[in-house]
Amino acid sequence: MNEDGRTHCVLEKTASYAVSLSYDNYGETSPQGEAHGGAMPEETLALALLIAPPGTDTSSDPITVKAERNSYSALDPEIVLRVSGTAGIQIESVTIRINRGVRKLIPPEWIVKTSIKIPVAVVEELGFKPGENTLDITFNKSMQATCSVEYASGSTVTGFDQVFKL
């Protein structure tokens, strides 16, 4: 604490910091009158603020989502996503967005324990395309995870085509 009682100095090997303990501006270069100096205690000490609607879970444990298989096709009835990191969290809502398209609320019956089963017809409506697809999943309106899912189409050239020169 400095002699004036309004500033606390932190000295470290690589740098030194001064933290204002009052609403005063620093030094002789302070502007006169009303001004926003940007060094009020709550602005200096609050490293991050998380603002969320009431009732949303703001836990910081990461949720991960991974496709159950490496690749899916139009012949598969559903895409199965495995979810981990949700222990102790009551999942009330899940939305999905494919390839930065429109978000869709997942019906509760598609969520089974630690997996989400989405019919292929639905993911195709949401923009699933042959090749690699990015799925953005949001849990309880605040926790997010992303995964990639490959989708093989009947029109995709495969090694089989090369063997028989189709």
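Residues numbered from 1 in each chain as written. Predicted model: local features only at pLDDT ≥ 70, side-chain atom pairs only at ≥ 80, totals over all residues. Heavy atoms only, no water.

1. A closer look at the sheet that holds strand β8 (residues 111-112)
- Sheet architecture is open: four strands sit in the order β3-β5-β9-β8, paired in antiparallel fashion. With one partner strand each, in any of the chains shown, β3 (64-67) and β8 form the two edges of the open sheet.
- Examined bridge by bridge, β8 and strand β9 (residues 115-119) share two bridges and lie antiparallel to one another. Looking at β9, one finds that I111 is bridged to I116. (Pairing = 2+ DSSP bridges. Helix = DSSP H or I, 4+ residues; strand = E, 2+ residues; numbered from the N terminus.)

2. Thoughts on the sheet that holds strand β6 (residues 94-98)
- Pairing is mixed in the open sheet, where five strands are placed in the order β4-β11-β10-β6-β7. Lying at the two open borders of the sheet, with one neighbouring strand each, are β4 (71-73) and β7 (104-105).
- In the sheet, β4 pairs with strand β11 (residues 143-152) via three bridges, with the strands oriented parallel. Bridged to S73 within β11 is A152.

3. Focus: the pattern of salt bridges
- Under the definition given, this model contains three salt bridges.
- Between R69 and D76 there is a salt bridge whose closest N-O contact spans 3.0 Å.
- Here R69 falls in the partly exposed class, since its relative accessible area comes to 38%.
- On the basis of relative accessibility, which here comes to 14%, the residue D76 falls in the buried class.
- Across the pair D136 and R97 runs a salt bridge, and its minimum N-O distance is 3.1 Å. Here the residue D136 occupies a position in strand β10 (residues 131-139), and R97 occupies one in strand β6, the gap between them amounting to 39 residues.
- Exposure remark for D136: the relative accessible area of 10% places this residue in the buried category. (Salt bridge = Lys/Arg side-chain N within 4 Å of Asp/Glu carboxyl O. Buried < 20%, exposed > 50% of the residue type's maximum accessible area, 1.4 Å probe, protein only.)

4. Considering the environment of N133
- One can find N133 in strand β10.
- Each residue touching N133, except ones within four places of it in the same chain, is listed here: I98, N99, G127, F128, C147, S148, V149 and Y151.
- Looking at N133, its side chain comes within polar contact range of the main-chain oxygen of K129, at 2.7 Å.
- Within the structure, N133 has its side chain in polar contact with the backbone oxygen of G131 (distance 3.0 Å). (Contact = heavy atoms within 4.5 Å. Polar contact = N/O pair within 3.5 Å; in protein donor to acceptor, adjacent residues only side chain to side chain.)

5. Digging into the side chain of S93
- Of note, S93 is situated in the loop between β5 (78-84) and β6.
- Not counting residues up to four positions away in its chain, the partners in contact with S93 are L105, T138, F139, N140 and K141.

6. Here's the deal with unusual backbone geometry
- One non-glycine residue, R100, lies in the positive phi region at around 60 degrees.
- By secondary structure assignment, the location of R100 is in the loop between β6 and β7.
- Phi at K113 takes a positive value of approximately 50 degrees, unusual for a residue other than glycine.
- Within the fold, K113 resides in the loop between β8 and β9.

7. Describing the packing of aromatic side chains
- Per the counting criterion, the structure on display carries one aromatic pair.
- Ring geometry for F128 and Y151: centres 4.8 Å apart, planes at 50 degrees, overall tilted. Here F128, found in the loop between α2 (120-125) and β10, pairs with Y151, found in strand β11; they are 23 residues apart in sequence, far enough to count as distant.
- Take Y151: its relative accessible area is 5%, and that puts it in the buried class. (Phe/Tyr/Trp six-rings, centres within 6.5 Å; stacked < 30°, edge-to-face > 60°.)

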